[in-house]
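Here's the letter readout for the chains.
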Amino acid sequence: MSGKKVLLITGIPVRTDTNTGKTLQTLFADFGSDELAQIYFSPQSPNTNMCNDYYRLCEKQMIKSLFGLRKGCGEEVSPVCEGENAVKPEKNALLLTRHRGNILMKLSREVVWSLSAWKNKNLKNWLEKVKPDVIFTILHDTNSAAKAVKWISDFTGAPVVLFVTDDYYNDQEKSKNLLRKIYYRKRQRLNKKLAENVVSLVGCSEKATEYFMSELNIKSGQTIYTPSAETYLAMPYKEQNDGGIVKIRYFGNLGLGRWEMLKLLGQTISTINADKKRALLEIYSSVTDPEIIGQLNIENACEYKGWVYGDEYLKLLQDTDIAIHVESFEASMIRRTWVSVSTKIADYLGAGKCILAIGSSELASIDHIKDAACVVNDMALLKDTLEKLVSDAKMRSDFQIKAKKLAAEQHNMAQISAQVRTLIEENT
């Protein structure tokens, strides 16, 4: 116990069933709840007591409160550890999530923040109660969040540790739309302003660390991979057999062009299964868009199974023959995901899964696992590679061993927890 207080500022709360939530839990596994507090920008509720104090600021609540005119924006919340909200978090409306990349939607969200009285007595009293020594935040995907972190840092005097998990700094569309250009120029200015308060940068990959230290002129930085939690490391290898149907599973987000890639994978499996059912792709995600779900149900090849978490997720992962990591080859999506290493990769490696990774070699995630997974960098090679993997149990077993080895070398929970603890203590 250092006695130091860390304020986490993220888009969503700490939860046991989201990638961000699980990452925070593993990174701060060495910290007591009395050392942690969180501000987040989502309608969801936390479902764990990892932090002693939680504060919610979100657009849904800002609009409901008439921008703070009817009642104050922002509220202290308690974790919901039982009941429906503990099991399935509240989401933003489909209108917001489906069109979140649209520039008019982005600007509308900024207007909501700018009109709302969120820097109010509630928040100030909460921050004075928490008294953070350091702020641990991510590179956010809205301009308003970058402004909020800067304001909170200035108000509390707490320095910032910035964790980069995605490139939310550059416009992945490289659009000529004047509104987008203005919006992203402002994004970059705001993050450079925030960087004045940043004492250390943490990248989720070497690419992220190198680029953003240089771009934001931050002198101190290091790479910290998401650790593989003990739950996954304790999983035995899946026994691979040449007979029976090979269970191929994808768990996670379907955004950033991933669902289109999974559709292509499903169609490839359908071709492989033409004479005899040899493999089945199951997709587990929380997407609610009926158009996407309809296209992912492919007869005799692919089934959209819906949202899964907790013990059910662990059982399904344990019983998986091939776990899928997939990223889009579209240039705009590569620009968005090029520095990212999905948190699911740490799960798959720790669990000793045979991973089929589909994506460009330019991506940090593909580069990171290229020696421990079956990698497809060219969709023209997908069918042949998949056929070989489905028909060769020994090949799948070998990849399982390679996965555990990489987890031990670069995703070691004890080493990473100590690394985070040292990072916080050196910067407070």
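Preceding block: the structure.
So, here's what we can say about the structure. Being a predicted model, the structure only gives us computed values, none of them experimental. (Residues numbered from 1 in each chain as written. Predicted model: local features only at pLDDT ≥ 70, side-chain atom pairs only at ≥ 80, totals over all residues. Heavy atoms only, no water.)

Within the protein, the regular secondary structure consists of 19 helices and 14 strands. Over its C-alpha atoms the protein spans a radius of gyration of 22 Å, differing by no more than 12% from the 22 Å that the globule rule assigns to 428 residues. Based on the C-alpha atoms only, the size of the protein along its principal axes is roughly 65 × 45 × 45 Å. Every one of the 428 residues in the protein was classed for burial, and the buried ones make up 55%. A total of about 18,400 Å² of accessible surface is found on the protein, and carbon and sulfur atoms cover 50% of it. A distance of 5 Å separates the average location of the 57 positive side-chain charges in the protein from that of its 52 negative side-chain charges. (Helix = DSSP H or I, 4+ residues; strand = E, 2+ residues; numbered from the N terminus. Rg over C-alpha atoms; globule rule 2.2 N^0.38 Å. Buried < 20%, exposed > 50% of the residue type's maximum accessible area, 1.4 Å probe, protein only. Areas by Shrake-Rupley, 256 points an atom, 1.4 Å probe, with all protein chains shown as cover. Lys, Arg positive; Asp, Glu negative; His and termini not counted. Charge placed at Lys NZ, Arg CZ, Asp CG, Glu CD.)

Glancing now at the sheet that holds strand β9 (residues 246–251). Strands sit in the order β11-β10-β9-β12-β13-β14 across an open sheet of six strands; the sheet is parallel. Of all strands in the sheet, those bounded by a partner on one side alone are β11 (302–306) and β14 (374–376). Averaged over all pairs of adjacent strands, the angle between strand axes in this sheet comes to 25°, irrespective of strand direction. Here strand β10 (residues 279–284) pairs with β11 via four bridges, running parallel. Each bridged residue has a counterpart across the sheet, and for leucine 281 the counterpart in β11 is cysteine 302. Running over the sheet, helix α11 (residues 258–272) touches β9, β10, β11, β12 (322–326) and β13 (354–358) and is turned about 160° from β10. (Pairing = 2+ DSSP bridges. Axes fitted to C-alpha atoms, helices over the stretch in contact; angles between N-to-C directions. Contact = heavy atoms within 4.5 Å.)

Attention now goes to the sheet that holds strand β1 (residues 6–10). As a general point, the strands of a sheet are linked pairwise by backbone hydrogen bonds and lie either parallel or antiparallel. With respect to topology, eight strands assemble into an open sheet ordered β4-β3-β2-β1-β5-β6-β7-β8, the strand pairing being mixed. Looking at which strands have only one partner, the edges of the open sheet turn out to be β4 (75–77) and β8 (221–223). Here the strands of the sheet are splayed against their neighbours by 20° on average, with no regard to which way each runs. Taken together, the five bridges between strand β6 (residues 160–164) and strand β7 (residues 198–203) define a ladder with parallel strand orientation. Looking across to β7, one finds that valine 160 is bridged to valine 198. Helix α9 (residues 206–215) contacts β6, β7 and β8 of the sheet and is inclined by roughly 150° relative to β7.

Turning to the packing of aromatic side chains, a few remarks are in order. One pass over the full model with this rule turns up 16 aromatic pairs. Centre to centre, the rings of tyrosine 232 and tyrosine 313 are 6.3 Å apart; their planes meet at 65°, and the pair counts as edge-to-face. Remark: tyrosine 313 occurs in helix α13 (residues 310–318) and tyrosine 232 occurs in helix α10 (residues 230–233); sequence separation between them is 81 residues. The pair formed by tyrosine 232 and tyrosine 313 is uniform in burial state, with each residue classed as buried. Counting every residue linked through ring pairs, the aromatic cluster contains Phe41, Trp113, Trp118, Trp151 and Phe155. The positively charged end of lysine 404 is found above the aromatic ring belonging to tyrosine 237, 5.9 Å away from the centroid. (Phe/Tyr/Trp six-rings, centres within 6.5 Å; stacked < 30°, edge-to-face > 60°. Lys NZ or Arg CZ within 6 Å of the ring centre and 35° of its normal.)

Throughout the structure, instances matching the rule amount to 26 salt bridges. One salt bridge in this structure joins lysine 129 and glutamate 76, with 2.7 Å as the shortest N-O distance. Linking lysine 129 in helix α6 (residues 121–130) with glutamate 76 in strand β4, this pair joins segments that are 53 residues apart in sequence. Note that aspartate 319 and lysine 247 form a salt bridge whose closest N and O atoms lie 3.2 Å from each other. Taken together, the positions of aspartate 319 in the loop between α13 and β12 and lysine 247 in strand β9 put the pair 72 residues apart, joining distant regions of the chain. On the basis of relative accessibility, which here comes to 26%, the residue lysine 247 falls in the partly exposed class. (Salt bridge = Lys/Arg side-chain N within 4 Å of Asp/Glu carboxyl O.)

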